[in-house]
Amino acid sequence: MKAPPLPNAAPGSVAIRLQGIVKTFGETVANRGAALEVKRGEIHALVGENGAGKSTLMRILSGMYAPDAGTVEVASGDGRLHDVTGWNTAAAIDAGVGMVHQHFMLVPPLTVAENVVLGREPKRGLQVDRRAAEKSVADLSARSGLVVSPSAKVADLSVGEAQRVEILKALYRGAKILILDEPTAVLSPPEVRQLWDVLRTLRADGGTIVLITHKLDEVMDVSDAITVMRGGETVARLETRSTTPREIARAMVGRDVALALDVERSDRARSLPDRAPLLELRNVCVDSPRRARVVDDVSLSVAPGEIVGIAGVEGNGQTELVEVIAGLTTLSGGEIRIAGHDAARLTVRERGDAGLSHVPEDRHRRGLVLDYSVADNLILGQQHHFTRGATLEAARIVDHARQRIAEFDIRPANPLLAARALSGGNQQKVVIAREMGGGRDFNVLLAAQPTRGVDVGAIEFIHDRLRRARDEGKAVLLVSADLAEVLALSDRIAVMYGGKLVVVLPRCEASIETLGRYMTGATGAPARVA
Amino acid sequence: MTTPVAEVVNAAPPGVQPEAGARGASLMEALLPPVVALLVAIVVGDVLILTFGQSPAAVYRLLLDGTWGNAYGIGQVLYKATTLTFTGLAVALGIRAGLFNIGGEGQLAAGGFLAAMIGLAMPAATPAIVAALLCTIGAAAGGGVVGAVPGYLRARFGAHEVITTIMLNFVVLALLGWIVSAKIHVPESLHTPEIHSGGVTRLADIMPIFHGSAANLTLLVALATAGAVSWYLFRTRRGFELRAVGLQPDAAEYGGIDVGGVRWRALALSGALAGTGGINFVLGYKHYYEEGFATGAGFLGIAVALVGRNSPFGIVIAALLFATLSQGGLAVNALVPKQMVDVLQAVVILAVATAVPAVRQSIRSSAKSVARSLMQKTGAAGGGSR
């Protein structure tokens, strides 16, 4: 998809101008003189590594934070810029600036219409006028192309639909400037395309959109202009038509990087060693606490020296599948074998000792104890191997941490720093270092969303480590919502939909298009794509 | 391994890089809130004292004279601080495991009761050291059992410990009250007969200057216990796992830790700590179990743990602070009602709770988890009836 030409040939007037923004939190500088200029009627991509200061900058724009220095100007209806530095969220909403957060802020038991009008309900006497609310939401929905039933309960919606409700909420409040924080993380490819259509419709209506993202293909697909941030500063402003992903990536990282898609696709006509699989799943089933079958009869095996990728829209059972293999969820039926041993009844610790490593999908919830030091986090799950008598071997733990920090270039190189203080990429390196670093004896690796929320430089590094694990003869099960990642790394690719594996393809038969179709559950449609 | 340095680092707010000097800043952060809290309490106290038509200077003078101004006062403060150290450690250990044990009252009483029963059961000829040891073990066991029950209920059924521990207070106190009054009390009193053996030496027996005060060598046990809790929490694998469960149960589970097991062990241990506090009264002071001896000390342990920021060393200091206020209340009674000191205690707690983000966080998260578990309960009930 190529970005269509700008709707208004005439250069748009400036809708947002941030200059010299400085914002510090304690001793951490989030923004140091950042700038952003967005034209009216533009889809503007704000890109940068994690910790580059994108979210802080947008929170300053939307009134959640006041900057320490710098000015924020936003255009009013007549196109004139007004200095609004240090305003609050209510003022920002009144001025037509709406933000759609990465984590939805909806009330699940309420209906779509109730959520949209929340805080600004149409009243009839003392009561909320539900009918009027539903009607205005339906109108808005029709006009913007955000298709969702106003009377549906938010709890029953898919993630994609919930996101539409968030956008509707902003539009209902009269947003002319819409800020979207990594909106595609939870969407399937068709949903992403629908979102792009919506954004283009809004742009055609004169709306201005700022899109925070780190996916370069999205930037190329939908944006008109790009601002790149690095280390709290604005390092580049580019026109999408006259730039390349490579140039953007270089600006983000400050050096050349290998992009996942650059990797030659079928260079590895590897004949996989004909050895017994290290990980075997036979008819694995998992029931949720509410007795819904979330993993349904999954059979799959991963041989030594093989990466098997599982693609799928999030919420189709991948999380539960990984957790049941790791021992974090109860197996409702079927068999799990790790290195030939029946693992179904083993505890988490026993599975680890049997050779299972696990990079969990949510490092903040599962993978790290954020208030523990890097050194302590580097032994989480291995603490029984660092114990003498009742006590932990403090010196050995710090030694081990120093080695892993050097091996994985974790920054800052301080084993006693709390994991919370690290950037997302370095936090993930801590997890990777623990699960795959020297001294960890494993033969099966579960890698769930291993590069989520990680900057481009670290992605390259993590991919490299996964390939190296494969080359060393480990069995790797990769679960990722990022199709480019699955395609770049996997030897075989399975697609999960509604708890089932709908297809398992060799890498050479998979493409974004085929996988995208399977991911939406179109099981029978393309039997095989030539 | 969490070395002391790491502890300081861990206490740093997110995003702060601990460069040179950060240690000093963190120390400030640890010390400042209690100091500020005390200052606020003094200012509020001034206003209160003035409303009684008294001079604040005179009242504070009296408060200090009655506590740290003479050996008897010091002894009384030490005695009260001893019990509070035990109950404070009990609450802190629970909070480190993410559990809010507010059953200190019942656990303390049960510990004291069992210590007295063992002391009564032993012949008078039992060597004092053996008897005292057995009584202490009994006290720990008594409190431990009372703590283990909510621990088991939490681990097995998910029953929230805030509810079960507080409810168990009533059960335990009523049960003990019934046993004592119906079976073994000394006529015309609410206490049991004196124990035959197991008494702990009073401070006054060694240093006559403390004559008349209740302070006894249990205070050394309290200090040793604080050291042991610190060692357990920050040096042992069990402690590592316990704190991981308290900070992030999901990550602990991922790290192969038996979260349910840690929870019930932590509550049992917490109960045992509170129960051990019972020996201060039973072995060290009166040599019998008396109904109501524990009143208030269990709950005050919560305040001690909060002000002491759940660190064993901080708890010893906080226990001394609250013991001073409580003893000082008696001293100033001549000029102002002693309830004024209760108000001061409350002001200290409020000031600390607002001054220390970590404390605020721990209160908030336990309130949230109570709400969540209640919602789950009602949600589950609703689902079942359908």
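Bear in mind the structure is a predicted one, so any value in this text is a computation, not a measurement.

Q: How would you explain the overall build of chain B if you had to name every residue and give the values?
A: A tally of regular secondary structure across chain B gives 17 helices and zero strands. Here chain B holds 386 residues, and 53% of them are scored as buried. Within chain B, residue pairs in contact and separated by at least 24 positions form 76% of the contacts whose partners lie at least 6 positions apart.

Q: An account of the environment of A:D197 is requested, with residue identities and associated values reported.
A: Residues and elements named next belong to chain A. By the secondary structure assignment, D197 is in helix 6 (residues 189–204). You can call D197 partly exposed: it has 13 C-beta atoms within 10 Å. Taking the C-alpha atoms as reference points, D197 and L146, 51 residues apart in sequence, are found 9.4 Å from one another.

Q: Describe in detail the sheet that holds strand 3 (residues 43–48) of chain A, supporting the description with residues and values.
A: Each strand in a sheet pairs with its neighbour through backbone hydrogen bonds, running either in the same direction (parallel) or in the opposite one (antiparallel). Residues and elements named next belong to chain A. With respect to topology, six strands assemble into an open sheet ordered 6-9-10-3-11-12, the strand pairing being mixed. Every other strand in the sheet has two partners, leaving strand 6 (97–100) and strand 12 (233–239) as the edge strands with one partner each. Between one strand axis and the next, the sheet turns by 20 degrees as a mean value, whatever way the strands run. Two elements, strand 3 and strand 11 (residues 225–230), share five bridges in a ladder whose sense is parallel. Paired with G48 across the two strands is M229, which belongs to strand 11.

Q: I'd like a rundown of the confidence of the model for chain A, residues and numbers included.
A: All names here are of chain A. Averaged over chain A, the pLDDT score is 86; the fraction of residues at 70 or greater is 92%. Scored below 50 in pLDDT, residues 261–271 makes four contacts in the model with residues more than four places away or belonging to other chains. Across residues 524–530, confidence stays below pLDDT 50; counting only partners more than four residues off in sequence or on other chains, it has four contacts.

Q: Account for the nonpolar core, naming residues and giving values.
A: Of all hydrophobic cores here, the largest spans 260 residues; its most connected members are A:L446, A:V476, A:L478, B:V304, B:A319 and B:F322. If one sorts the elements of this core by residue count, helix 4 (residues 71–96) of chain B sits on top with twelve residues. Here A:L446 is in contact with A:V322, A:I325, A:A326, A:L356, A:H358, A:V359 and A:L477, once residues within four sequence places are set aside.

Q: I'd like a rundown of the environment of A:G312, residues and numbers included.
A: Residue and element names in this part refer to chain A. Turning to its location among the elements, G312 is positioned in the loop between strand 15 (306–311) and helix 9 (318–326). A tally of 28 C-beta atoms within 10 Å means that G312 is categorised as buried. Taking the C-alpha atoms as reference points, G312 and S480, 168 residues apart in sequence, are found 7.5 Å from one another. If near-sequence neighbours (up to four positions away) are discounted, G312 is found in contact with Q318, V495, M496, Y497 and M519.

Q: So what's going on with helix 5 (residues 159–172) of chain A? Residues and values would help.
A: Residues and elements named next belong to chain A. Compared with an ideal rise of 1.5 Å per residue, which puts 14 residues at 20 Å, helix 5 spans 20 Å between its outermost C-alpha atoms and is within 8% of the ideal. Residues Q163, R164, V165, E166, I167, L168, K169, A170, L171 and Y172 constitute the buried set of helix 5. Where the residues of helix 5 are buried, they touch strand 6, helix 3 (112–117), helix 4 (130–144) and strand 9 (177–181). Positive phi shows up at G174, right after helix 5, with a value of about 85 degrees.

Q: So what's going on with the pairing of strand 4 (residues 69–75) of chain A? Residues and values would help.
A: Residue and element names in this part refer to chain A. In terms of strand pairing, strand 1 (residues 14–25) meets strand 4 through five bridges, oriented antiparallel. Counted as the bridge partner of I16 is V74 from strand 4. Summarising the sheet, strand 4 and strand 5 (residues 81–83) pair through three bridges and their orientation is antiparallel. By the bridge assignment, E73 is partnered in strand 5 with D83. Following strand 4, the chain reverses through five residues before pairing antiparallel with strand 5; G79 in that reversal takes a positive phi of roughly 90 degrees.

Q: Give a description of the packing of helix 4 of chain B against helix 12 (residues 259–276) of chain B that names residues and reports values.
A: Residue and element names in this part refer to chain B. Taken N-terminus to C-terminus, the directions of helix 4 and helix 12 make an angle of 170 degrees; their axes are 7 Å apart at the nearest point. Classified by the angle their axes make, helix 4 and helix 12 are roughly antiparallel. Here helix 4 contributes F86, T87, L89, A90, L93 and G94 to the contact with helix 12, which in turn contributes A266, L267, L269, S270, G271, L273, A274 and T276. Class assignment of the residues belonging to the contact of helix 4 with helix 12 gives a composition of nine nonpolar, five polar and no charged.

Q: Describe the environment of A:S423, naming the residues involved and giving the relevant values.
A: Residue and element names in this part refer to chain A. Its place among the elements puts S423 in the loop between helix 13 (394–408) and helix 14 (424–436). Take S423: there are 19 C-beta atoms within 10 Å of it, and that puts it in the partly exposed class. For S423 and D296, which are 127 residues apart along the polypeptide, the C-alpha to C-alpha distance reads 37 Å.

Q: Which residues make up unusual backbone geometry, and what values go with them?
A: Residue and element names in this part refer to chain A. In this structure, P412 follows R411 across a cis peptide bond, with omega equal to -10 degrees. Assignment of secondary structure puts P412 in the loop between helix 13 and helix 14. Backbone geometry places D409, a non-glycine residue, at a positive phi of 55 degrees. By the element assignment, D409 lies in the loop between helix 13 and helix 14. On the neighbour-count criterion, D409 (13 C-beta atoms within 10 Å) is partly exposed.

Q: I'd like a rundown of the packing of helix 4 of chain B against helix 5 (residues 104–121) of chain B, residues and numbers included.
A: Residue and element names in this part refer to chain B. Between helix 4 and helix 5, the least distance of the axes is 11 Å, while the angle of their chain directions is 130 degrees. Comparing their axes, helix 5 and helix 4 come out oblique. Where helix 4 crosses over helix 5, the handedness of that crossing is right-handed. In this structure, helix 4 uses T87, A90 and V91 to contact helix 5, whose residues at the interface are G104, Q107 and L108. Counted by class, the contact of helix 4 with helix 5 contains three nonpolar, three polar and no charged residues.

Q: I'd like a rundown of the sheet that holds strand 5 of chain A, residues and numbers included.
A: All names here are of chain A. Within the open sheet, the four strands sit side by side as 2-1-4-5. Their pairing is antiparallel. Across the chains shown, the open sheet's two edge strands, defined by having one partner strand only, are strand 2 (28–39) and strand 5. Pairs of neighbouring strands in the sheet enclose a mean axial angle of 20 degrees, with direction left out of account.

The rules we used
Residues numbered from 1 in each chain as written. Chains lettered and ligands numbered in written order. Predicted model: local features only at pLDDT ≥ 70, side-chain atom pairs only at ≥ 80, totals over all residues. Helix = DSSP H or I, 4+ residues; strand = E, 2+ residues; numbered from the N terminus. Buried ≥ 20, exposed ≤ 12 C-beta atoms within 10 Å, placed from the backbone. Contact = placed C-beta atoms within 7 Å. Pairing = 2+ DSSP bridges. Axes fitted to C-alpha atoms, helices over the stretch in contact; angles between N-to-C directions. pLDDT = per-residue confidence, 0-100. Core = buried A, V, L, I, M, F, W, Y, C linked by C-beta atoms within 7 Å. Expected span 1.5 Å × (residues − 1). Parallel < 35°, antiparallel > 145°, perpendicular 65-115°, else oblique. Nonpolar A, V, L, I, M, F, W, Y, C, P; charged D, E, K, R; others polar. Left-handed = near helix turned anticlockwise from the far one by under 90°.

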